[in-house]
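# Remarks on the overall topology
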Amino acid sequence: MNPDEQPATSQGDFFNSLNDKVDAHGALVDRFHVDLQTLSKQIAGCDKLVRMAHISLNQIDARIAEAVRIETQAAVQLEATGREAARAASEAANAAVAGLIGQMQAATREAAQVSGALHRARGQTGLWLAAYVAGTLAMCLLSAWIAYQVHPDTPLPPELAGYAEQGRKHAALLDKASDKELKLIKEIQARRARPK
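Residues numbered from 1 in each chain as written. Predicted model: local features only at pLDDT ≥ 70, side-chain atom pairs only at ≥ 80, totals over all residues. Heavy atoms only, no water.

### Observations regarding the overall build of the chain
Put simply, the rule is: Runs of E in the DSSP output that reach at least two residues are strands. Runs of H or I that reach at least four are helices, and both are numbered from the N terminus. Only protein chains enter the accessibility calculation, which uses a 1.4 Å probe. A residue is then buried if its area is under 20% of the maximum for its type, exposed if over 50%, and partly exposed in between. In this description, accessible areas are obtained by the Shrake-Rupley approach with a 1.4 Å probe, and a residue is regarded as covered only by the protein chains that are shown.
Looking only at helices and strands, one finds three helices and zero strands in the chain. Secondary structure of the chain in N-to-C order comes out as α-α-α. Relative to its 196 residues, the chain shows a buried fraction of 2%. On the chain, roughly 16900 Å² of surface is accessible, and the fraction owed to carbon and sulfur atoms is 65%.

Quick look at the structure:
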């Protein structure tokens, strides 16, 4: 191999390597330019969004001011309407309450009359029933006593014997009753006998 050719080959390799590095650097620069253009587009989009947001905020401020103005007018009208409605409602309520009180008083009087008549009728019915039961028992006992006096050897009919046994049981229960129970029985009898 010629010694003069060796340096030329080395120089060619060096230039090839340098060209490769320059090409790689150019590719990086191109990619940087693409990224920069993409970033510029994004910044422009953000700037557009900021401008749109600013416009929207201005519109919102205008609408808020209009809403405040309308709300103030509505509050004034509502206060006037409320005063008028309160006055009309108060008059109507007073009239309605007066009418209801009159109706309730009339209904109360009628209810008291009906209740009194009902209590009287109930008391009279209770007295009649008590008198009927007492009279029936007295007649049964009198009949049994007469029959026993006339025919002391004749056994009592089963019904009369049952009544007599029931009377004895009642008398035994009354004998065993405490003072409190006797007092309660007397109160019930007095309540039934009391006219309504």
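### Section: the pattern of salt bridges
Rules: When a carboxyl oxygen of Asp or Glu is within 4 Å of a side-chain nitrogen of Lys or Arg, the pair counts as a salt bridge.
In total, this model carries three salt bridges according to the counting rule given. The shortest N-O distance in the salt bridge between R69 and E66 comes to 2.2 Å. Of the two residues, R69 and E66 both sit in helix α1 (residues 5–150), three residues apart, roughly one turn of that helix. Between R168 and E165 there is a salt bridge, with its nearest N and O atoms 2.7 Å apart. Of this pair, R168 and E165 both sit in helix α2 (residues 158–176), three residues apart, roughly one helical turn. On the basis of relative accessibility, which here comes to 35%, the residue E165 falls in the partly exposed class.

### Topic: a nonpolar patch on the surface
Operational definition: Residues form patches when they are more than 30% accessible in relative terms and have no salt bridge. Like charges link within 9 Å. Nonpolar side chains (Val, Leu, Ile, Met, Phe, Trp, Tyr) link within 5 Å.
On the surface, F14, F15, L18 and V22 cluster together into a nonpolar patch covering about 400 Å² of accessible area. Note on placement: L18 falls in helix α1.

Shape descriptors only; they carry no functional weight alone.
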